Amino acid sequence: MTTVLAKGQKADLTKSNPSLSTVVVGMGWNSPGSSIEVDFSAFLLSGVSKVTKDEDLIFYGNPSGPNNSITVNNNLSSYACIQDKAQLSVSLRSIPAQYERISFALTLYEGEKRRQNFSMLDDTYIRIIDSVSGHELLRFNMGKSFSVETAIVVGELYRYNGEWKFNPIGSGYSGGLEALCGSFGVDISQETESAPKVIPEPEKDVSPVPDIPPTINFSKIELKKKGDVVNLQKGTGSMGEILVNLNWNQKKSKGFFASKGVDLDLGCLFELKDGRKGVVQALGESFGDLKRPPFVALDGDDRTGSVTTGENLRINGQHISEIERVVIYAFIYEGVAKWSEADGIVTIKQNGEPDIEVKLDQHDNKKRMCAIAMIRNVNEQTVSIERLVEYFSGHQELDRAYSWGLRWVAGSK
């Protein structure tokens, strides 16, 4: 009997099935438009969640891994009367000991260029099949949980205490195959996609890893280009608190800047599902509320940039279904209007998940306000984070750019 899993609901494979040696990993989807091209790949990962060499990326151009422990099935078999779109065979006992995880992914070929994304696909799934009996053991149906993403890590097999388990992930983000490979330590240029190169890393001691959480095990995900998007994770329960942290450096120099420093303020525009709109910021003492609408609250007002915790916005993940969208911004309340000297960085944190970073590394020193990231509701279950980093003269200009329609008056703090 098939066990249908929810996102993050890890399941045992070999402990309860000691005779299980080889599995088939099948993936499928429905594409209403024939122009959508979906590619699949698998990454053999070490204990630090990186590939160790070129051959650790398994795809159509490199169809087999070490010891033939993982191979692409070119002749697709039907299991349980279902024909998958892609299949890989995994010999669990033949996987070399240095590999702790195998991540399975889907990407859209030229997704950004063709303006295609995974919201255009239906019924995307991954399943684990006993290759001997043909029985479907585990299944993860992703449903319509994506919006603008062009790459998905669907799920992964991983070792824990000498046994193999399966983790349904369903984590999507923009950037296609190139961004996906970069996350796992593979550098793929557009001209040489068939010849991946491993990004070298310094050697380090690796301690035994505990049972991994339901996510891609990156230490952080950096949104580097305008429009880059990533979805936050939702476990088996509700989302926890989402923390948005603004931090910056105070660089000493001669004159006015050295004496007063720069005061970056963190704030946001919010829109709720019922149509209510507003602002959360220290200016005007609109600090919000975490337990009542807007379910967004500000704490910390760092005047100097020397407080290591910076400034924080908190979003109550238990009420994510009531939030439509949020624009995170920062503005220079006082001090020199030079973003290039502030080294601002916003980090979005969710318990047990990789940090998401947006660096204010593109500057317009003539304007005092920067829209940093857009947070959007995704199917009332989770949110997407999109990099903006766009500069404005003030609140009214930012308001018009994102069609908020608020009335603005002068404020103080």
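Residues numbered from 1 in each chain as written. Predicted model: local features only at pLDDT ≥ 70, side-chain atom pairs only at ≥ 80, totals over all residues. Heavy atoms only, no water.

A word on unusual backbone geometry. Across the junction of proline 293 and proline 294, the peptide omega takes the value 15°, indicating a cis bond. By the element assignment, proline 294 lies in the loop between strand 22 (288–289) and strand 23 (296–299). Positive phi, close to 60°, is recorded for asparagine 67, a residue that is not glycine. Mapped onto the fold, asparagine 67 is located in the loop between strand 5 (57–58) and strand 6 (70–72). Not every positive phi belongs to a glycine, and arginine 115 is a case in point at roughly 55°. You can see arginine 115 is positioned in the loop between strand 10 (101–108) and strand 11 (122–130). (Helix = DSSP H or I, 4+ residues; strand = E, 2+ residues; numbered from the N terminus.)

This part is about the sheet that holds strand 23. Here we have seven strands laid out as an open sheet, ordered 17-27-26-19-24-23-22, and mixed in their pairing. If you trace the sheet from one side to the other, it starts and ends with strand 17 (220–222) and strand 22, each paired once. (Pairing = 2+ DSSP bridges.)

Among the nonpolar cores identified, the biggest contains 56 residues, and Phe43, Leu313 and Ile385 are the most heavily contacted of them. If you look at the next biggest cluster of nonpolar residues, it comprises 40 residues, including Val23, Val25, Leu92 and Ile102. (Core = buried A, V, L, I, M, F, W, Y, C linked by side-chain atoms within 4.5 Å. Buried < 20%, exposed > 50% of the residue type's maximum accessible area, 1.4 Å probe, protein only.)

For any pair of aromatic rings, the description rests on two quantities: the centre-to-centre distance and the angle between the ring planes. For the structure shown, the criterion picks out five aromatic pairs. With 5.1 Å between their ring centres and 75° between their planes, phenylalanine 59 and tyrosine 60 make a pair best called edge-to-face. Its relative accessible area of 6% is what places phenylalanine 59 among the buried residues. Judged by its relative accessible area of 60%, tyrosine 60 is exposed. Measuring from centroid to centroid gives 6.0 Å for phenylalanine 392 and tyrosine 402, while their planes differ by 70°, and the two rings are edge-to-face. Placement of phenylalanine 392 in strand 29 (residues 382–392) and of tyrosine 402 in the segment after helix 4 (395–401) is noted, with a sequence separation of ten residues between them. On the basis of relative accessible area, phenylalanine 392 is assigned to the buried category, the value being 4%. You can call tyrosine 402 buried: its relative accessible area is 11%. (Phe/Tyr/Trp six-rings, centres within 6.5 Å; stacked < 30°, edge-to-face > 60°.)

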